[in-house]
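Reading the structure
Below, each chain spelled out in residue letters.
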Amino acid sequence: MKRFLLAIFACLTMTAHGAQFAIVGAKVHTMAEQGTLEEATILIKDGYIQDVLKGSQTVRGYEQINAKGKVVTPGLIGAYTALGLKEVGLSAGQVDSSVDMEHAEHLTSLGAALDVSYAINSDSSLIPVARIEGFTAAATNIERSGFLFKGQGAIMHLTDDDALLKSRAFVSVDVTNSGADRVGGTRAVMWPTLINALTEALEFDNEDWDGMLSKADAEALSHVVAGHIPLLVMADRKADILQVIALQQRFAKLNVVLVNGVEAWRVAEQLAQANIPVIINPEYNLPGGFDRLGATLANAGRLAQAGVDVAIGMETHNIRLATQHAGNAVANGMPYQDGLAALTSNVAKIYGMDKQVGSIKAGMSADVVIWSGDPLEVTEAAEQVFIKGQAIEMRSRQTELRDRYLDLEQARPMSYVRP
Amino acid sequence: MHSTSLLQRGLVIGLLSAGLAACGGADEPSSASAKAKDAVQINPDPFPSTYQPIPSATTVIQNVSIIDGIGGLLENASIVFQDGKITALGNDIVMPENATVIDGKGKWVTPGIIDTHSHLGVYPSPDTRSHADGNEMTSPVTSQVWAEHSVWPFDPGFQRALAGGVTAMQILPGSANLFGGRTVVLKNVPDRTMQDMKFPGAPYGIKMACGENPKRVYGNKGGPGTRMGNVAGYRKAWIQATDYKNQWDEYYTKIDAGEDAQAPKRDLQMETLKGVLEGEIIVHMHCYRADEMTVMMDVMQEFDYQIGSFHHAVEAYKIADKLRDNNVCSSMWADWWGFKMEAYDGIRENVPMVHNAGACAVVHSDSDIGIQRLNQEMAKAWSDGKRVGIDISKADAWQWVSANPAKSLGIFDQTGSLEVGKNADVVLWTSDPFSTNAQAEKVFIDGGLAFDRNDPENWPVSDFELGQIAAGDVK
């Protein structure tokens with residue numbers, strides 16, 4: 001069956017762009033108004049979703065892809081990654097997700113102006129590894145920085161070219177223990193620095209700037225305080241999260257997203273009231289520091305039950321494991337649909353991309369995954385992934401290595417074996 | 001699973017018969033001379049286990065699907081355990097009197113999960129510098145240190161692992177050193193002291209490390225600074241250890257012959273390596289790359305010792321045949337890759353490909369998070385294999401997390417499978433443990449109920465968490 005499907009997809013790869021086709025018969029989680037359809041037909045034209053019809057339909061002029069018995073979701077979106085910015089992190093040369101502060105001072109004093117959209121390498125071997133497992137887009141940004149801010153992140157499609165969906169899409173800041181450690185060694189320095197920076201950014205004037213912030217930092221933050229792009233704030237303990245909520249109230253237009261939020265469940269109601277979404281690793285349940293004592297596997301479920309929008313997926317090389325993370329969130333009390341939304345529509349919403357990606361409805365980019373079964377089950381897998389209506393080749397460096405070594409009995413040395 | 005490597009080589013049997021009883025040739029009281037009586041004896045067990053099982057009731061779990069851990073799946077079956085041991089299992093058992101009977105309809109029973117690679121207690125939560133005691137990074141050869149002397153028994157990670165069905169685990173030193181020190185096997189019954197958790201009769205292991213960690217740590221501290229420097233370091237140490245062993249052998253030979261003899265000076269570093277050469281201490285070697293593992297198997301042949309397991313073994317799939325031929329297990333992740341160069345060639349099918357070649361495959365965690373869901377790590381590897389045509393039964397796959405780890409730790413005679421006479425280390429799962437939704441409902445260690453998901457009042461809570469936020473909460 002799989003080989004048969006692959007044969008069809010191989011043809012599509014060459015003809016899909018600009019073509020029209022229908023994915024027929026699958027159970028479809030639209031993550032939109034239509035909800036979950038037990039059996040549906042998705043019409044795709046020129047790289048966009050054209051329509052979603054109930055039942056298995058034959059529509060004239062649309063090549064049919066039989067997906068009966070399969071499950072279809074929107075392409076998954078990596079919520080918090082450094083994809084495209086690093087290949088191998090340790091002792092292996094250049095890493096664009098890590099900042100050398102010494103040479104950044106002419107640009108920035110607080111790190112807000114850093115811009116990863118210049119650094120994305122769409123040839124990274126990590127991208128095929130992620131996308132053959134259902135990830136079609138990702139938020140990507142600096143991981144390590146000694147600055148207060150981690151700079152301006154980007155949203156990318158996991159394609160080989162034309163990858164950038166949105167540059168300067170958000171700004172990140174870390175106010176956990178480790179954030180405070182880097183900025184003055186105490187929250188008593190870090191928080192006033194953060195509040196002052198945002199206050200000053202309210203006054204940013206491109207023509208005439210003589211504030212304390214560098215002009216580049218002020219400009220980056222001006223989009224944040226105007227609410228054009230979200231501010232991602234990493235915080236874990238309850239006291240810090242309450243400060244994050246207060247920050248949102250202090251700046252009327254600020255659009256805050258809580259990241260990590262190990263103790264977020266303790267203030268779930270307040271987060272829901274303040275309409276602050278949370279990006280978490282739901283499997284984190286250890287008191288790894290004194291600001292994470294309340295860690296629990298119930299975090300995601302408790303947040304979702306309180307009405308907080310939760311996104312799941314904080315990884316880079318293994319962002320593909322976010323489906324397992326979401327599955328475990330569901331196993332520990334998160335409603336199933338929230339588990340799927342945490343990988344798709346909620347991520348799109350957080351980044352203001354929900355008119356383009358994260359759901360299956362007319363007008364959306366045709367980023368679609370056909371799964372062998374329930375995507376939150378560890379034993380199921382993506383069988384075919386489409387990005388912008390293109391059936392991607394379901395190969396990565398890893399599948400090549402696998403296929404080379406599947407049979408160790410070879411007449412010639414392995415380097416002559418081409419899978 | 002056909003690769004019972006350690007058993008086949010007799011290593012484990014050797015360990016159990018001679019292992020902890022006495023050392024060297026000293027177990028021959030026949031030479032009744034005064035000299036023999038006064039011979040220096042090295043206590044092989046100076047930090048003895050004080051483990052006591054949790055009190056247990058005679059227990060029957062019936063109407064349940066049982067994976068026995070040696071390749072069998074019994075549907076609609078029952079298991080009985082009494083006084084800490086499994087006394088019956090199958091479809092036709094005699095119901096004992098006064099037993100606690102648990103209806104397992106729709107549920108699954110498996111052997112307890114055993115993790116060959118954990119740093120719980122030595123790198124505990126909270127992750128503070130003052131508690132980071134897992135790696136004696138002061139010299140490339142630190143075979144004199146013992147991980148058990150760093151274990152902090154109040155690491156809340158033990159309780160978390162218990163909720164994931166883990167009944168025993170090996171705690172290792174870190175991987176900065178060529179020889180990192182002795183490992184210790186613990187029962188996952190968190191208690192006041194390390195000795196209270198120590199697995200009675202489990203042989204010691206030694207942690208060794210290949211590759212980029214030693215060269216990174218010691219490159220600017222006198223070396224090794226290269227992989228060839230690493231190998232020179234192992235060989236130098238084995239030459240020294242062989243010499244040390246010979247000195248002791250000579251000493252006992254003389255004593256046995258009734259001659260005067262001066263005992264060699266004790267050397268803790270060499271004592272551990274001598275234990276390896278004598279087959280009493282099992283080598284657990286952090287090694288990612290196929291080429292390096294192959295070199296290490298040559299070093300193993302050169303100095304005539306046995307590697308129990310390569311750990312991480314991200315490229316084991318490239319040399320699965322050689323691993324099989326050398327009877328070396330591979331302790332692997334399901335899908336970790338790429339965080340450093342030696343992990344760059346990681347593939348999802350590593351575990352099933354090693355199994356399929358007839359070599360011994362183990363799924364390990366090396367993670368205080370991953371240890372909580374080793375069943376899922378196994379399930380991923382199982383399904384990834386299936387998708388490329390490697391058809392392994394669920395019952396066989398379960399051996400990656402129980403029987404094979406037990407074999408590679410030298411404790412398979414006691415645990416790792418559900419067989420009559422073995423320790424009742426048993427997990428009752430809410431459903432098929434190959435599903436993300438399944439959770440360990442009850443975990444029995446030596447028949448004692450160590451964890452019951454439905455009884456929050458009796459969940460274990462570590463000293464560190466007691467009196468803190470959310471103590472006793474769902475974790």
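Calculation notes
Residues numbered from 1 in each chain as written. Chains lettered and ligands numbered in written order. Predicted model: local features only at pLDDT ≥ 70, side-chain atom pairs only at ≥ 80, totals over all residues. Heavy atoms only, no water. Helix = DSSP H or I, 4+ residues; strand = E, 2+ residues; numbered from the N terminus. Rg over C-alpha atoms; globule rule 2.2 N^0.38 Å. Buried < 20%, exposed > 50% of the residue type's maximum accessible area, 1.4 Å probe, protein only. Contact = heavy atoms within 4.5 Å. Areas by Shrake-Rupley, 256 points an atom, 1.4 Å probe, with all protein chains shown as cover. Pairing = 2+ DSSP bridges. Axes fitted to C-alpha atoms, helices over the stretch in contact; angles between N-to-C directions. Salt bridge = Lys/Arg side-chain N within 4 Å of Asp/Glu carboxyl O. Polar contact = N/O pair within 3.5 Å; in protein donor to acceptor, adjacent residues only side chain to side chain. Nonpolar A, V, L, I, M, F, W, Y, C, P; charged D, E, K, R; others polar. Domains from an automatic or database assignment. Buried area = accessible area lost by both parts, 1.4 Å probe.

**A word on the overall build of chain A**
From N to C terminus, chain A includes 12 helices and 16 strands. Compactness check: chain A gives a C-alpha radius of gyration of 22 Å against a globular reference of 22 Å for 419 residues, within 12% of the reference. If one aligns the C-alpha atoms of chain A with their principal axes, the spans along those axes are about 60 × 50 × 45 Å. Out of the 419 residues belonging to chain A, those deemed buried represent 60%. Counted over contacts in chain A with a minimum sequence separation of 6, partners at least 24 positions apart contribute 66%. Taken as a whole, chain A presents about 16300 Å² of accessible surface, with 47% of it coming from carbon and sulfur.

**Topic: the sheet that holds strand E13 (residues 361–363) of chain B**
Residues and elements named next belong to chain B. If you walk across this open sheet you meet the eight strands as E6-E7-E8-E9-E10-E11-E12-E13, and the pairing is mixed. The open sheet has two edge strands with one neighbour each: strand E6 (113–118) and E13. Adjacent strand axes in the sheet meet at a mean angle of 25° when their direction is disregarded. By the bridge criterion, five bridges tie strand E10 (residues 282–287) to strand E11 (residues 307–312) in an arrangement that is parallel. Residue pairing in the sheet places His-286 in a bridge with His-311 of E11. The sheet contacts of helix H7 (residues 227–256) involve strand E8 (179–187), strand E9 (205–209) and E10, and relative to E8 the element is tilted by about 80°.

**Quick look at the interface of chain B and chain A**
Of the residues lining the interface, 52 residues belong to chain B; the matching set on chain A comes to 51 residues. Taken together, the connections running from chain B to chain A amount to five salt bridges. Two residues, A:Glu133 and B:Arg348, come together in a salt bridge whose shortest N-O distance is 2.4 Å. At the boundary of chain B and chain A, one finds 28 residue pairs in polar contact (both at pLDDT 80 or more). Put simply, the parts of the chain that give the side of chain B that touches chain A at least two residues each are helix H4 (157–163), helix H6 (212–218), helix H10 (320–325) and helix H12 (374–387) of chain B. With seven residues, the top contributor of residues to the side of chain B that touches chain A is H12(B). For the side of chain B that touches chain A, the residue count by class is 21 nonpolar, 12 polar and 19 charged.

**What about the domain arrangement of chain A?**
Residues and elements named next belong to chain A. For chain A, the assigned domains are domain 1 (2–74 + 377–402) and domain 2 (76–357). For domain 1 versus domain 2, the separation of C-alpha centres amounts to 30 Å. With 19 residues of domain 1 at the contact, the number on the domain 2 side is 21 residues. With both chains or domains summed, domain 1 and domain 2 bury close to 1500 Å², and 69% of this area falls on carbon and sulfur atoms. For the domain 1 face of the interface with domain 2, the top three residues by lost area are Met-31, Ile-387 and Lys-388, together amounting to 35%. Between the two partners, domain 1 and domain 2, sit one salt bridge. As a salt-bridge pair, Asp-162 and Lys-388 come within 3.6 Å of each other at their nearest N and O atoms.

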